[in-house]
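# Close look at the chain arrangement
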Amino acid sequence: ETGVTQTPRHLVMGMTNKKSLKCEQHLGHNAMYWYKQSAKKPLELMFVYNFKEQTENNSVPSRFSPECPNSSHLFLHLHTLQPEDSALYLCASSLGVTSSYEQYFGPGTRLTVT
Amino acid sequence: AQKVTQAQTEISVVEKEDVTLDCVYETRDTTYYLFWYKQPPSGELVFLIRRNSFDEQNEISGRYSWNFQKSTSSFNFTITASQVVDSAVYFCALSEARGNAGNMLTFGGGTRLMVKP
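Rules behind the numbers
- Residues numbered from 1 in each chain as written.
- Chains lettered and ligands numbered in written order.
- Predicted model: local features only at pLDDT ≥ 70, side-chain atom pairs only at ≥ 80, totals over all residues.
- Heavy atoms only, no water.
- pLDDT = per-residue confidence, 0-100.
- Helix = DSSP H or I, 4+ residues; strand = E, 2+ residues; numbered from the N terminus.
- Contact = heavy atoms within 4.5 Å.
- Buried area = accessible area lost by both parts, 1.4 Å probe.
- Salt bridge = Lys/Arg side-chain N within 4 Å of Asp/Glu carboxyl O.
- Polar contact = N/O pair within 3.5 Å; in protein donor to acceptor, adjacent residues only side chain to side chain.
- Disulfide = S-S within 2.5 Å.
- Buried < 20%, exposed > 50% of the residue type's maximum accessible area, 1.4 Å probe, protein only.
- Pairing = 2+ DSSP bridges.
- Axes fitted to C-alpha atoms, helices over the stretch in contact; angles between N-to-C directions.

This part covers the confidence of the model for chain A. Predicted confidence across chain A gives a mean pLDDT of 92, with 99% of residues reaching 70 or more. Within chain A, strand β3 (residues 18-25) of chain A carries the highest mean pLDDT (97), whereas strand β6 (residues 53-57) of chain A carries the lowest (82).

Taken residue by residue, the interface counts 24 residues in chain B and 23 residues in chain A. Buried area between chain B and chain A, both sides added, is near 1,900 Å², and the carbon and sulfur share of it is 54%. For the pair chain B and chain A, the number of links is one salt bridge. In this structure, the salt-bridge partner of R50 of chain B is E102 of chain A, at a minimum N-O distance of 2.5 Å. Counting across the chain B and chain A interface gives four residue pairs in polar contact (both at pLDDT 80 or more).

Moving on: unusual backbone geometry. A cis geometry characterises the amide bond from T7 of chain A onward to P8 of chain A, with omega recorded as -10 degrees. Inspection of the secondary structure puts P8 of chain A in the loop between β1 (4-7) and β2 (10-13). For T80 of chain A, which is not glycine, the phi torsion reads 45 degrees and is therefore positive. Not every positive phi belongs to a glycine, and K16 of chain B is a case in point at roughly 85 degrees. Looking at the secondary structure, you find K16 of chain B in the loop between β2 (10-14) and β3 (19-21).

All names here are of chain A. Inspection of the entire model under this criterion finds two disulfides over all chains. Note that C23 is cross-linked by a disulfide to C91, the S-S spacing being 1.9 Å. Residues C23 and C91 are joined through a disulfide that is left-handed, its torsion about the S-S bond being -75 degrees. With C23 in strand β3 and C91 in strand β9 (residues 87-94), this pair connects stretches of sequence that are 68 residues apart. Pair check on accessibility: C23 and C91 agree, each one buried. There is no disulfide at C68, and the cysteine sulfur nearest it, in C91, is 8.9 Å away.

Residues and elements named next belong to chain A. With respect to topology, four strands assemble into an open sheet ordered β1-β3-β8-β7, the strand pairing being antiparallel. Of all the strands in the sheet, just β1 and β7 (64-70) have a single pairing partner and so form its edges. Along the sheet, successive strands turn relative to each other by an average axial angle of 20 degrees, direction set aside. Pairing of β7 with strand β8 (residues 73-79), which is carried by five bridges, proceeds in the antiparallel orientation. Across the sheet, F64 pairs through a bridge with L78, a residue of β8.

Now the structure itself:
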């Protein structure tokens, strides 16, 4: 595997379900990110992790719970979501967190909440 | 607060035409970075270019070129002799220097480019 991978690619879940999104980067990067891309809003940064430590939580509701066990893996745990949470969730990584580093994105998980 | 505006939501051209995608940004910082990403139908954003605020030289990479003008806070992207494979959504993004506080990219709304054969 190369680059940034995400699983699953598609997910349909009910509002009472609990599910997790997984992201893995094979680039040797130290920072990882979760973004939300919905039809009517620009890409929104959700969380930033640097060397496994969370450095940014962009006012994300607690029904989204991130986990970063190491610099290569990032999870997003989902529970009691709302239909408006349906979106494409993108994971990204970068060598570091300073502004000069470009981010590399995975293919995303298309989430539908019914 | 930083802001990126891509006024063109959708552009349609015929193959081999040249097309320019506009990007205007707002920031109070003197040190910042600008990026362009391409999002094909498969979903992942593909990094195209990074430019720092102190380097106003235009850049050319094959059929792609970028025009950075600080005086007008613009970072426009031109595709020469467009091809069907260029069809995608293109995002301009801005990152302000925040040290180790986190690389917070602010994205524009994107421009959907459709290249017809």
